[in-house]
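Residues per chain, in single letters:
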Amino acid sequence: MLAPETGDAVWADVLSAVDRTWAELVDYQERLERQNHELEGLRSFLGSILASVSDALIVATRTGAVLETSASVDALTGRAPGGWTGAALVEMFEPAAGGRIEQAMAEVAAGRTPITLEVALIGRDGPAPLELSISPRRDERGRIVGFVLTGRPLGELRQAYSQLESSHAALIAAQAQLVRNEKLASLGRLLAGVAHELNNPISFVYANAHALERYAGKFETYFAAVQQGASRDALISLREELKLDRAVTNLRTAIEGARDGAERVRDIVEDLRRLSAEGSGEMVDFDLVEVAHVAADWVQRGTKTLADIGFSGAPALIVRGRPGHIQQVMMNLVQNALDALEDMGGARVMIEARVVAGRGELRVCDNGPGVPEAVAATIFDPFFTTKAVGKGTGLGLSISHKIVEEHGGRLRLLPESPLGGACFGFDLALGASGAAPEGQA
């Protein structure tokens, strides 16, 4: 029989063990409750995803049994929530797709990479085509335990592609329209100069035509007298009276003057035709210096700014592109330079053509105030302009930048100008015949 002291010690140990066991049970119960709460939260989270996702979402075992489906799948197929759970995955799709899906799952399991294919669910209102992606589902040890299938209805995809294609076509049309509008705006600014250029030779032709009419009247009078049998002395007297000798000399001068005026009108019309050409179609080899001369000439005719426009560098520079579009770029650059030099004495614009790094380069520089650093970063942005309201659309430099970019070149604001003002330059690919030796650099 144990002593009383020994019995008390045993009971104390038993009670201590009971307390520890109880504390461990309470702690275990609390951990179970926390884990259960986390599990319920995770289940609720996954359930909300399955209920909210718009694309078709199917979770399947490795053997092809359905574990979960999203609400969108249930809506497409007309099944109640959970109606596909436990069913074979291939039963959800059109019979012709069953073999393809099984083969795809085998390839995914072997290659461990997703596969995309087009299949059709057995929909509530008929086949529901999907772009289906099959991805492997792994456990914590990286082993493949099943598959996750996600699909977007092809009708939505094709509609999105169609809308994208339409938007792209509309953007191309808008860009072409902007180019045409800017060219028309440039032509509008030249109307006054064109009218003046045409008025001078036409007035010259008109005046010479009146002179020819007077000379014709004199000759008709003289020949009428000859036909009537007038005497030699009478004809000599009439000839002196009508001043026919001087009329004969002036007649040739009037004819030459009328021809020169008509040729001048013809040249102006030809320049206008080249200037207003759309410039679309295949790229061709052309002389960039000649295009720059024509553009600068027409801009100068239509402006009130008195500026000395000079050319330097290569006398000819053959590049490849669309002359009409590059002419528009040149007109924009020269027009901007002249606008910056408005009301400024000693205004100068220098246009330089040369070959740099195997490409044709053209620069337009002026001795104006230049471009402030704060403006330089946004100078090629659409609708950005420093001109007064009504004097600029803010599209000239933006469209010019786009045109040069489409030619494979780059329009840029150069950091330094030989004249101290602003200086813009762009480059184009050389043509087959290249440039004159003087243009090389």
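What counts, and where the lines are drawn
- Residues numbered from 1 in each chain as written.
- Predicted model: local features only at pLDDT ≥ 70, side-chain atom pairs only at ≥ 80, totals over all residues.
- Heavy atoms only, no water.
- Helix = DSSP H or I, 4+ residues; strand = E, 2+ residues; numbered from the N terminus.
- Contact = heavy atoms within 4.5 Å.
- Areas by Shrake-Rupley, 256 points an atom, 1.4 Å probe, with all protein chains shown as cover.
- Axes fitted to C-alpha atoms, helices over the stretch in contact; angles between N-to-C directions.
- Parallel < 35°, antiparallel > 145°, perpendicular 65-115°, else oblique.
- Left-handed = near helix turned anticlockwise from the far one by under 90°.
- Nonpolar A, V, L, I, M, F, W, Y, C, P; charged D, E, K, R; others polar.
- Core = buried A, V, L, I, M, F, W, Y, C linked by side-chain atoms within 4.5 Å.
- Buried < 20%, exposed > 50% of the residue type's maximum accessible area, 1.4 Å probe, protein only.
- Expected span 1.5 Å × (residues − 1).
- Polar contact = N/O pair within 3.5 Å; in protein donor to acceptor, adjacent residues only side chain to side chain.
- Patch = residues over 30% accessible without salt bridge, like charges linked within 9 Å, V, L, I, M, F, W, Y side chains within 5 Å.
- Salt bridge = Lys/Arg side-chain N within 4 Å of Asp/Glu carboxyl O.
- pLDDT = per-residue confidence, 0-100.
- Phe/Tyr/Trp six-rings, centres within 6.5 Å; stacked < 30°, edge-to-face > 60°.
- Lys NZ or Arg CZ within 6 Å of the ring centre and 35° of its normal.
- Pairing = 2+ DSSP bridges.

- With an unreviewed UniProt entry as reference, the chain is termed histidine kinase, source organism Rhodobacter lacus.

1. Some remarks on the overall build of the chain
Reasoning step 1: Broken down by element type, the chain carries 11 helices and 12 strands.
Reasoning step 2: Taking all contacts inside the chain whose residues are at least 6 apart in sequence as the whole, residues at least 24 apart take part in 62%.
Reasoning step 3: Counting only carbon and sulfur atoms, one obtains 56% of the accessible surface of the chain, whose full area is about 26000 Å².

2. Examining the packing of helix 8 (residues 288-301) against helix 9 (residues 323-340)
Angle between the axes and distance between the axes are the two parameters that describe a pair of packed helices.
Reasoning step 1: Look at helix 8 against helix 9: their axes get within 8 Å of each other, and the N-to-C directions meet at 45 degrees. By the angle between their axes, helix 8 is oblique relative to helix 9. For the pair helix 8 and helix 9, the crossing hand works out as right-handed. Taken together, the residues of helix 9 that come into contact with helix 8 (itself represented by Leu288, Val291, Ala292, Val294, Ala295, Ala296, Val299 and Gln300) are Pro323, Ile326, Gln327, Met330, Met331, Val334, Gln335 and Leu338.
Reasoning step 2: For the contact of helix 8 with helix 9, the residue count by class is 13 nonpolar, 3 polar and no charged.

3. Quick word on the nonpolar core
Reasoning step 1: By size, the foremost hydrophobic cluster in this structure holds 39 residues, and its most contacted members are Leu288, Met330, Val334, Ile351, Leu362 and Phe426.
Reasoning step 2: Every element with two or more residues in this core is listed here: helix 8, strand 7 (307-313), strand 8 (317-321), helix 9, strand 9 (347-356), strand 10 (359-366), helix 11 (396-406) and strand 12 (423-435).
Reasoning step 3: The leading source of residues in this core is helix 9, at 8 residues.
Reasoning step 4: With sequence-adjacent residues up to four places away left out, Phe426 is seen in contact with Leu288, Ile326, Val329, Met330, Leu333, Gly360, Glu361, Leu362, Val404, Arg410, Leu411 and Arg412.
Reasoning step 5: Formed by 25 residues, the second largest nonpolar core is a distinct cluster that contains Val66, Val119, Leu130 and Phe147.

4. Observations concerning helix 8
Reasoning step 1: With 14 residues, helix 8 should cover 20 Å at 1.5 Å per step; its first-to-last C-alpha distance of 20 Å lies within 8% of that length.
Reasoning step 2: Those residues of helix 8 not exposed but buried are Leu288, Val289, Val291, Ala292, Val294, Ala295, Ala296, Trp298, Val299 and Arg301.
Reasoning step 3: With a side-chain oxygen lying 3.0 Å from the backbone nitrogen of Val289, the N-terminal cap of helix 8 falls on Asp287.

5. With respect to a nonpolar patch on the surface
Reasoning step 1: On the surface, Val10, Trp11, Val14 and Val18 cluster together into a nonpolar patch covering about 390 Å² of accessible area.
Reasoning step 2: Along the chain, the position of Val10 falls in helix 1 (residues 4-52).

6. What about the pattern of salt bridges?
Reasoning step 1: Applying the stated criterion across every chain, the model contains 7 salt bridges.
Reasoning step 2: The shortest N-O distance in the salt bridge between Arg143 and Asp139 comes to 3.0 Å.
Reasoning step 3: Among the ionic contacts, a cluster of salt bridges with common partners joins Arg354, Arg359, Glu361, Arg363, Arg412 and Asp427.

7. Details of the confidence of the model for the chain
Reasoning step 1: This prediction gives the chain a mean pLDDT of 78; 79% of its residues lie at or above 70.
Reasoning step 2: Below a pLDDT of 50 lies the segment residues 436-441, which in the model reaches 11 contacts outside its immediate sequence neighbourhood of four places, other chains included.

8. Comments concerning the packing of aromatic side chains
Reasoning step 1: In this structure the tally under the stated criterion is 0 aromatic pairs.
Reasoning step 2: Taking NZ or CZ as reference, Arg79 lies 3.7 Å from the ring centre of Trp84, over its face.

9. Here we look at the environment of Thr113
Reasoning step 1: Mapped onto the elements of the fold, Thr113 is located in the loop between helix 3 (95-111) and strand 3 (115-123).
Reasoning step 2: Thr113 gets classed as partly exposed once you look at its relative accessible area, which sits at 44%.
Reasoning step 3: Taking C-alpha positions, Thr113 is 6.5 Å from Ser135, a pair spaced 22 residues apart along the chain.

10. Re the sheet that holds strand 3
Reasoning step 1: On the basis of which strands lie adjacent, the open sheet formed by 5 strands has the order 2-1-5-4-3 and antiparallel pairing. Two strands in the sheet have a free side with no partner beyond their single neighbour: strand 2 (66-69) and strand 3. Pairwise comparison of adjacent strand axes, ignoring direction, gives a mean angle of 30 degrees for this sheet.
Reasoning step 2: Pairing between strand 4 (residues 126-138) and strand 5 (residues 144-153): 9 bridges, direction antiparallel. In the sheet register, Arg137 faces strand 5, and the bridge partner there is Gly146.
Reasoning step 3: Its contacts with the sheet put helix 3 on strand 3, strand 4 and strand 5, and the angle it makes with strand 3 is roughly 145 degrees.

11. Looking at unusual backbone geometry
Reasoning step 1: Even without glycine at this site, Arg112 takes up a positive phi of about 60 degrees.
Reasoning step 2: Turning to its location among the elements, Arg112 is positioned in the loop between helix 3 and strand 3.
Reasoning step 3: One non-glycine residue, Ala357, lies in positive phi territory at about 55 degrees.
Reasoning step 4: Among the secondary structure elements, Ala357 is positioned in the loop between strand 9 and strand 10.
Reasoning step 5: The class for Ala357 is exposed, based on a relative accessible area of 75%.

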